[in-house]
Amino acid sequence: MQLSETVKVYPTKYQKTLILETMTEYIDMVNSLVSDAVSGHSIAKTTTADRNANLPSALKNQCIRDAKSIVRKHYKSCHKAVLKNRSLAKRGSAIRTKTPNLPILRKPCCYINNQNYKMKENCLEFPVMINGKSKRISVPVKLTERQKSFFSDAKFGTMRIVIKNHRFVAQIVYERVEPELKTDGTIMGIDLGIKCPAVSYCSDGSVKFYGNGRRNKYIRRHYAYLRKKLQTSKKRKAVKRINDKEQRIMRDMDHKLSHDIVETAVAHDVKVIKLEQLQNIRSTTRTSRKNNPSLHNWSFYRLAQFIEYKARLAGIFVEYVNPAYTSQTCPVCGHIHHANDRDYTCECGFHIHRDLLGARNICSSTEFVGNRQTA
């Protein structure tokens, strides 16, 4: 499995100047290549000798690869816009989709493939241009004990150097070997929701509730209010900044939630985690003016993806089951009926929290629908 780690870099004042020059040259060359390609000049056979940039040849090659990738994605987006406009025209709609703007790199960055950098004990070596010649510089880095354990026998991928909070950081991709997955053992069922983000039920009888749905809804409402206020003032950049901040907060919550779930699974020696296949849930569930915004902001797919990859790293198999009637079926008598808010009471006398009922039924479900979540 490919993962990435952010490593703090501590260059000297002279090294900072060299790295910043390299990053600036890098994005200038990529933007130039993309502009040429869109203008009608093919870059399919472009080589490092065709471009005069103050970069090592290895980084020039990487620029060419990045430019080709950007151009392919741009053409694909343009093609989608054309097809959508044709579809709208056939339906007689006056609305038209705008053609995507040409992508331009603005923030200084630099990509270096795994053949052109080395990670040593407390330093990172990569090439830059010094007096017109390509030379490697050794920049001090700070690795945590966790990162040292990962990097000790890892196979490295592409590295990206960027500036975050006015500091240089290296984002390094590396391969991590997945443990062997075993399906015989304790099973955990997880019910994902909005009011209660997640509930787990293990076949050994253990139960745990995760997250705070009310807090999540408050954060969503708060940032929606701020966006509305800024949109009224026509502050577009501020709207984007607020939106990005909200997404970072919610993504961090999903990371913490998935970490807690997998940690609980490891503690109970779980071998299989069962999740609901929630494909098309937004179009099939009952909606109202009250719960519609929450339903459309619900990041169930992202949370499921986080649980899936963290479980695989812990040697736990993840499978998806049919979500139909999991929160309505009595596990004792099999009778199906709706719960009264969070309270589920059956005619046979069985009483349980609705979300816990869902987790329990998911845990015992045999309606396997796949081992991948679909959006």
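Residues numbered from 1 in each chain as written. Predicted model: local features only at pLDDT ≥ 70, side-chain atom pairs only at ≥ 80, totals over all residues. Heavy atoms only, no water.

Trainee: So what about the sheet that holds strand 2 (residues 109-112)? Which residues, and what values?
Mentor: The sheet built from 7 strands is open, its strands ordered 2-6-7-1-5-4-3 with antiparallel pairing. Two strands in the sheet have a free side with no partner beyond their single neighbour: strand 2 and strand 3 (118-119). Sheet topology note: the strand 2/strand 6 (residues 155-164) ladder contains 4 bridges and is antiparallel. Considered in strand 6, the bridge of Ile 112 is made with Met 159. Across the sheet, helix 2 (residues 57-90) lies against strand 2 and strand 4 (123-130), angled at about 105° from strand 2, the strand it touches most. (Pairing = 2+ DSSP bridges. Helix = DSSP H or I, 4+ residues; strand = E, 2+ residues; numbered from the N terminus. Contact = heavy atoms within 4.5 Å. Axes fitted to C-alpha atoms, helices over the stretch in contact; angles between N-to-C directions.)

Trainee: So what about unusual backbone geometry? Which residues, and what values?
Mentor: In this structure, His 166 is a non-glycine residue whose phi angle is positive, near 65°. Of note, His 166 is situated in the loop between strand 6 and strand 7 (167-175). His 166 gets classed as exposed once you look at its relative accessible area, which sits at 80%. Although it is not a glycine, Tyr 325 adopts a positive phi angle of roughly 60°. With respect to the helices and strands, Tyr 325 occurs in the loop between strand 12 (317-321) and strand 13 (343-345). (Buried < 20%, exposed > 50% of the residue type's maximum accessible area, 1.4 Å probe, protein only.)

Trainee: Now, about the environment of Lys 228: what can you tell me, with residues and values included?
Mentor: As for its position among the elements, Lys 228 is in helix 4 (residues 213-232). Separated by 78 residues in sequence, Lys 228 and Phe 306 have C-alpha atoms that sit 31 Å apart.

Trainee: Quick one: what's the story with the side chain of Asp 254, residue by residue and with numbers?
Mentor: Mapped onto the elements, Asp 254 comes out in helix 5 (residues 236-267). A polar atom in the side chain of Asp 254 sits 2.9 Å from the side chain of Arg 302. Setting aside anything within four residues of it in sequence, one finds Asp 254 in contact with Ser 299, Arg 302, Leu 303 and Phe 306. (Polar contact = N/O pair within 3.5 Å; in protein donor to acceptor, adjacent residues only side chain to side chain.)

Trainee: Please set out helix 5 residue by residue, giving values where relevant.
Mentor: Compared with the 46 Å implied by 1.5 Å per residue over 32 residues, the 47 Å span of helix 5 between its first and last C-alpha is a close match. Of the residues trailing helix 5, Asp 269 is marked for its positive phi of about 55°. (Expected span 1.5 Å × (residues − 1).)

Trainee: Hey, could you go over the packing of aromatic side chains for me, with residue numbers and the actual values?
Mentor: For the structure on display, the rule yields 6 aromatic pairs. Between Phe 150 and Tyr 174, the aromatic rings sit 5.9 Å apart at their centres with planes inclined by 25°, giving stacked as the arrangement. Taken as a pair, Phe 150 in helix 3 (residues 145-151) and Tyr 174 in strand 7 lie far apart in primary sequence, 24 residues in all. Assigned by exposure class, Phe 150 and Tyr 174 land together as buried. One aromatic cluster is present, built from ring pairs that chain together Tyr 117, Phe 150, Phe 151, Phe 156 and Tyr 174. (Phe/Tyr/Trp six-rings, centres within 6.5 Å; stacked < 30°, edge-to-face > 60°.)

Trainee: Lay out the nonpolar core in plain terms, naming residues and giving numbers.
Mentor: Ranked by size, the top nonpolar core spans 45 residues in total, and within it Phe 126 and Met 159 carry the most contacts. The dominant element in this core, judged by the number of residues it contributes, is helix 1 (residues 13-38), at 9 residues. What Phe 126 contacts, discounting residues up to four positions off in sequence, is Ile 19, Ile 112, Asn 116, Tyr 117, Lys 135, Arg 136, Ile 137, Val 139, Met 159 and Ile 161. Counting residues in hydrophobic clusters, the runner-up holds 23 residues, among them Met 188, Ile 261, Val 270 and Ile 307. (Core = buried A, V, L, I, M, F, W, Y, C linked by side-chain atoms within 4.5 Å.)

Trainee: Describe the environment of Glu 180, and please don't skip the residues or the numbers.
Mentor: Structurally, the position occupied by Glu 180 is in the loop between strand 7 and strand 8 (186-192). C-alpha separation for the pair Glu 180 and Arg 312, spaced 132 residues apart in sequence, amounts to 8.9 Å.

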